[in-house]
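Listed below are the residues making up each chain.
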Amino acid sequence: MRDRKVWLKVWKCEKFGNIPLYLLDADLDENSDRLLTAQLYGWFAEERVAQEIILGVGGVRALRELGIDVDVYHFNDNHPVFAGLELIREKMEEGMSFNEALEKTREEIVFTTHTPVPAGNEVHPHRLLEYMGAYLHLDYWQMKKLGGDPFNMTVAALRMARIANGVAQLHKETANEMWSFVEGRPEILGITNGVHNGTWQDARIRKAYEEGEDLLKVHQEIKKELIAFVEKRTGVKLDADKLLIGFSRRAAPYKRSNLIFTDEKLIAPYLESGKIQIIFAGKAHPNDYTGKGIIADIVSYAKKYPNSVVFLENYDMEIGAMLTRGCDIWLNNPRRPQEASGTSGMKATMNGVLNCSILDGWWPEACNHGVNGWQFGDGKGVDDFETLEELDAHDAKCLYDVLLKEVVPTYYENKAKWAEMMRESIKSTQEKFSAARMVKEYYDLMYIKK
């Protein structure tokens, strides 16, 4: 990269019941830029491209060094695109033309596209790619044929893949429409995401479900563990007998983490009395100042309502697991159809935590309103309103209607129905939205050539 040789060490992880996972690390004395892999997201464009070269080109070369024979390269999102360029380069060095190498490489690659939000589909100037060494001996016209000008990573991934997929059935429709202009791309299938039950479903809840035991009683134990966890982290003692809402995800503007505070005058009495309690967690992208502002806004509400609104810092898997097991309600309110899938809600449903969500991502496939959870917004999205402000106002009103007229009364006045909904939540999601089902679909629909 930049006419410098970059050395990578390879870490092998197989300590968690997983198949071997290889991790690439640039932190070596031989490298002048040894911090390239020190953080997840690059602060600036050169670092970002460098990380993607490490993942793509370094990834292929690491597999070669390890002697691993690959049948299918699965590009998860657009970040590994330079692996495709490396595969093309290898074939051209063997004597193939660019077009021949591209056709041969296309047989080896399948691609999963994710967020429909423009910021999630990276675009880079050609001069930057050439300077960084991402051209890999290809010329401008060949690179333009793949990714256009400027170079769109998702477009290039689509053109280098023999088959592609979106991560929910609604996302399939959104993605096919979004990328309809890309000539030479495959049709985008829908393979809905899934989560690993063994990691995310509490064994006590699963046992209670399978043996027909009282789910509410078991849930209450887990809820108290969450409350103790929150008190230890923040000093705030929540009430186990009051409705507890969880909201933890990346603080991207389209996810609208602070939507519930839109009409503070309406929601304030519920927060002041503790009738509604909310735990927030999540991080913004380092360069997303709007997202950081949303978190700052939530923290200000946590200070204003210290006994009912909590923000948990340093969001990680432990916090994610505690919240998706211990809350009563899982709140989700993205601007439809900008949520590609979402998986935290799946983790919640498998634990009998009831979703209250916009019909976006995976939830349209799972929701049975008033039976296994609730929807609000009635499927309205960004194309149904002239401005985002109108959509946000509509969705906030719908959230209040469902939350205050259906969710809160059911929780406090009809525990029998709540318990039935918990059971139906688990029944309708624990297999359908499992990682096992997802991986089988990838194998059957994408990895095996028809």
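In case you missed it, the structure is sitting above this.
A brief structural summary.

Rules used in this analysis
- Residues numbered from 1 in each chain as written.
- Predicted model: local features only at pLDDT ≥ 70, side-chain atom pairs only at ≥ 80, totals over all residues.
- Heavy atoms only, no water.
- Pairing = 2+ DSSP bridges.
- Helix = DSSP H or I, 4+ residues; strand = E, 2+ residues; numbered from the N terminus.
- Axes fitted to C-alpha atoms, helices over the stretch in contact; angles between N-to-C directions.
- Contact = heavy atoms within 4.5 Å.
- Buried < 20%, exposed > 50% of the residue type's maximum accessible area, 1.4 Å probe, protein only.
- Arc of directions from axis to C-beta.
- Polar contact = N/O pair within 3.5 Å; in protein donor to acceptor, adjacent residues only side chain to side chain.

Here the focus is the sheet that holds strand 7 (residues 163–166). Judged by pairing direction, the sheet is parallel, and its four strands sit side by side in the order 3-4-7-8 without closing on themselves. Edge positions in the open sheet fall to strand 3 (73–76) and strand 8 (188–190), since each of these has one partner strand only. The average angle at which neighbouring strand axes cross in this sheet is 25 degrees, direction not considered. Pairing of strand 7 with strand 8, which is carried by three bridges, proceeds in the parallel orientation. Within strand 8, the residue paired with Ala-164 across the bridge is Ile-188. Sheet strands in contact with helix 6 (residues 153–160) are strand 4 (109–112), strand 7 and strand 8, and its direction is about 140 degrees off that of strand 4.

Those residues of helix 5 (residues 140–147) not exposed but buried are Gln-142, Met-143, Leu-146 and Gly-147. Projected down its long axis, helix 5 carries its buried residues within an arc of 110 degrees, all on one side. For helix 5, the secondary structure elements touched by its buried residues are helix 2 (81–93), helix 3 (98–106), helix 4 (126–132), strand 6 (151–152) and helix 6. Its side-chain oxygen 3.1 Å from the backbone nitrogen of Trp-141, Asp-139 forms the N-cap of helix 5. Phi turns positive one or two residues past the end of helix 5, at Gly-148, with a value near 75 degrees.

A word on the environment of Met-438. Here Met-438 lies in helix 18 (residues 435–447). In the structure, Met-438 is positioned 245 residues away from Asn-193 in sequence and 6.1 Å away in space, judged by C-alpha atoms. Non-local contacts of Met-438, meaning those with residues more than four positions away in its chain, are made with Ile-191, Thr-192, Asn-193 and Gly-194.

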